[in-house]
Amino acid sequence: MPPKYDNAILTGACGGLGCALAAELIAGGARVALVGLDIGVLQKLAAAAPERCAIYTPDVTDPAAMQAMAGDWMQRHGTPDLVIANAGVAGGFDPAEAGDLAVLRRMLEINLLGVATTFQPFIAPMKAAGRGSLVGIASIAGWRGMPGNAAYCASKGGLIRYLESLRAELRGSGLHVCTVSPGYIRTQLTAGNTFSMPGLMEADEAARTLLARAARGREHVVLPRRIGWLSRALSLLPAAWHDHLLNAQPRKPRVGEAGSTAIPGLQKNNE
């Protein structure tokens with residue numbers, strides 16, 4: 001059975017990992033705020049328990065919209081005991097291309113600032129309640145910069161540091177901050193990858209593992225664990241050797257290249 005949560009907020013609920021997390025939470029009997037941009041997907045998820053779900057479609061980088069979402073949910077259902085900031089985008093990046101600076105800006109807005117904007121409305125009510133978990137979906141890519149992926153790595157690396165700071169600030173408050181670093185999860189976001197994806201994990205397995213470890217109070221979750229061990233082993237190599245290995249891998253297509261996703265959408269909704 002999924003871990004027991006009573007009241008959950010989930011952004012990025014339309015993506016592979018997001019859908020799997022929503023299904024697990026709903027199956028566990030939780031009331032769930034499903035936050036995403038694809039209303040059709042959200043409606044299908046909510047149909048499993050319409051009396052316990054609500055659908056919201058704000059831009060996670062818009063503080064006013066996220067405040068409105070939070071206020072509406074808490075007025076109807078009370079303070080959540082779980083907030084998962086899962087919304088995210090990915091895409092290739094070339095620092096020599098002036099147009100790619102817009103990609104960097106938007107990716108930082110969604111992957112980093114979007115998490116802070118998601119958490120902010122709930123922190124004070126959850127502190128007042130003296131309990132709850134704030135879960136941020138980072139990435140193994142945030143552990144080290146990778147060629148052709150600078151925007152994504154920077155956004156996820158910044159997110160890891162933000163969550164570290166938030167965790168320190170909230171110690172003793174009853175709130176638990178969990179940093180999740182997925183490797184490769186089988187979703188639409190990874191479907192187009194042409195490079196090696198060691199430890200590729202199914203989304204439903206990743207969702208169950210994530211929720212179980214968060215419920216046990218884990219501060220850091222790596223999915224799967226072996227990809228974390230591999231990343232740490234590679235980090236022991238001299239930087240030049242590490243860079244050589246990474247440069248030999250095919251790169252994710254740049255946003256805006258033929259066949260890739262245009263910047264308004266990038267590649268949406270997470271790992």
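Attention here is on the structure that accompanies the text. Here the structure is a predicted model, which is why all the values come from computation and not from measurement. Each chain carries its own residue numbering, running from 1 in the written order of its sequence. With pLDDT at 70 or above as the cut-off, local features in this predicted model cover only qualifying residues; side-chain atom pairs require 80 or more to be listed or tallied, and sums for whole chains, interfaces and linings still use all residues. The basis for the side-chain values is all heavy atoms of the structure; hydrogens and waters are excluded.

### A word on helix α1 (residues 16–27)
- Secondary structure elements follow DSSP: runs of H or I no shorter than four residues count as helices, runs of E no shorter than two count as strands, and numbering proceeds from the N terminus. For a helix, the expected span equals 1.5 Å multiplied by the residue count minus one. Between its terminal C-alpha atoms α1 stretches 17 Å, which fits the 16 Å expected from twelve residues at 1.5 Å a residue.
- Think of it in three bands: with a 1.4 Å probe and only protein chains considered, a residue is buried below 20% of the maximum accessible area for its type, exposed above 50%, and partly exposed in between. Among all positions of α1, only Leu 17, Gly 18, Ala 20, Leu 21, Ala 22, Glu 24, Leu 25 and Ile 26 are buried.
- At the C-terminal side of α1, Gly 29 shows a positive phi close to 90°.

### Quick word on the sheet that holds strand β4 (residues 82–85)
- Pairing between strands is defined by DSSP: at least two bridges between the two strands are required. Pairing is parallel in the open sheet, where seven strands are placed in the order β3-β2-β1-β4-β6-β7-β10. The outermost strands of the open sheet, each flanked by one partner alone, are β3 (53–56) and β10 (220–223). Each strand of the sheet is rotated relative to its neighbour by a mean of 15°, with strand direction disregarded.
- Sheet topology places β4 next to strand β6 (residues 132–137); four bridges connect them, and they run parallel. Comment: axis = line fitted to C-alpha atoms, over the contacting stretch for helices; angle = value between 0 and 180 degrees taken between N-to-C directions.

### Concerning the pattern of salt bridges
- The rule for a salt bridge is simple: a side-chain nitrogen of Lys or Arg has to be within 4 Å of a carboxyl oxygen of Asp or Glu. One pass over the structure, following the stated rule, counts ten salt bridges.
- The shortest N-O distance in the salt bridge between Arg 161 and Glu 164 comes to 2.9 Å. Remark: Glu 164 and Arg 161 occur in helix α5 (residues 150–170); sequence separation between them is three residues, near one turn of the helix.
- Between Asp 204 and Arg 208 there is a salt bridge, and its shortest N-O distance comes to 4.0 Å. Residue Asp 204 and its partner Arg 208 are both found in helix α7 (residues 203–215); the two are separated by four residues, about one turn of the helix.
- A relative accessible area of 41% means that Arg 208 is categorised as partly exposed.
- Here the salt bridges share partners, and the residues they tie into one network are Glu 24, Asp 204 and Arg 208.

### Some points on the nonpolar core
- Take the buried residues of types Ala, Val, Leu, Ile, Met, Phe, Trp, Tyr and Cys, join any two whose side-chain atoms come within 4.5 Å, and each joined set is a nonpolar core. By size, the foremost hydrophobic cluster in this structure holds 38 residues, and its most contacted members are Ile 9, Phe 119, Phe 122 and Leu 134.
- Mapped by element, the contributors of at least two residues to this core are β2 (31–35), β3, α3 (63–77), β4, β5 (89–90), α4 (100–129), α5 and β7 (175–182).
- Residues contacting Leu 134, with those up to four places away along its chain left out, are Val 83, Phe 119, Ile 123, Met 126, Leu 166, Leu 170, Leu 175, His 176, Val 177 and Cys 178.
- Residues Ala 22, Cys 178, Ala 207 and Leu 211 belong to the second largest nonpolar core, which totals 35 residues. The criterion used for residue contact is that any of the two residues' heavy atoms lie within 4.5 Å.

### As for the packing of α3 against α4
- With their axes 8 Å apart at the nearest point, α3 and α4 run at an angle of 40° to one another. Judged by the inter-axis angle, α3 sits oblique to α4. The way α3 lies across α4 gives a crossing that is right-handed. Contact with α3, carried on its side by Pro 63, Met 66, Gln 67, Met 69, Ala 70 and Met 74, involves Thr 117, Thr 118, Gln 120, Pro 121, Phe 122 and Pro 125 of α4 and no other residues of that element.
- Among the residues making up the contact of α3 with α4, the classes are represented as eight nonpolar, four polar and no charged. Oblique is the label for any angle not under 35 degrees, not over 145, and not in the 65 to 115 range, which are roughly parallel, roughly antiparallel and roughly perpendicular in turn. By convention the crossing between two helices is left-handed if the near helix lies anticlockwise of the far one by an angle smaller than a right angle, and right-handed if it lies clockwise. Residue polarity is assigned by list, with Asp, Glu, Lys and Arg as charged and Ala, Val, Leu, Ile, Met, Phe, Trp, Tyr, Cys and Pro as nonpolar; anything else, Gly included, falls into the polar class.

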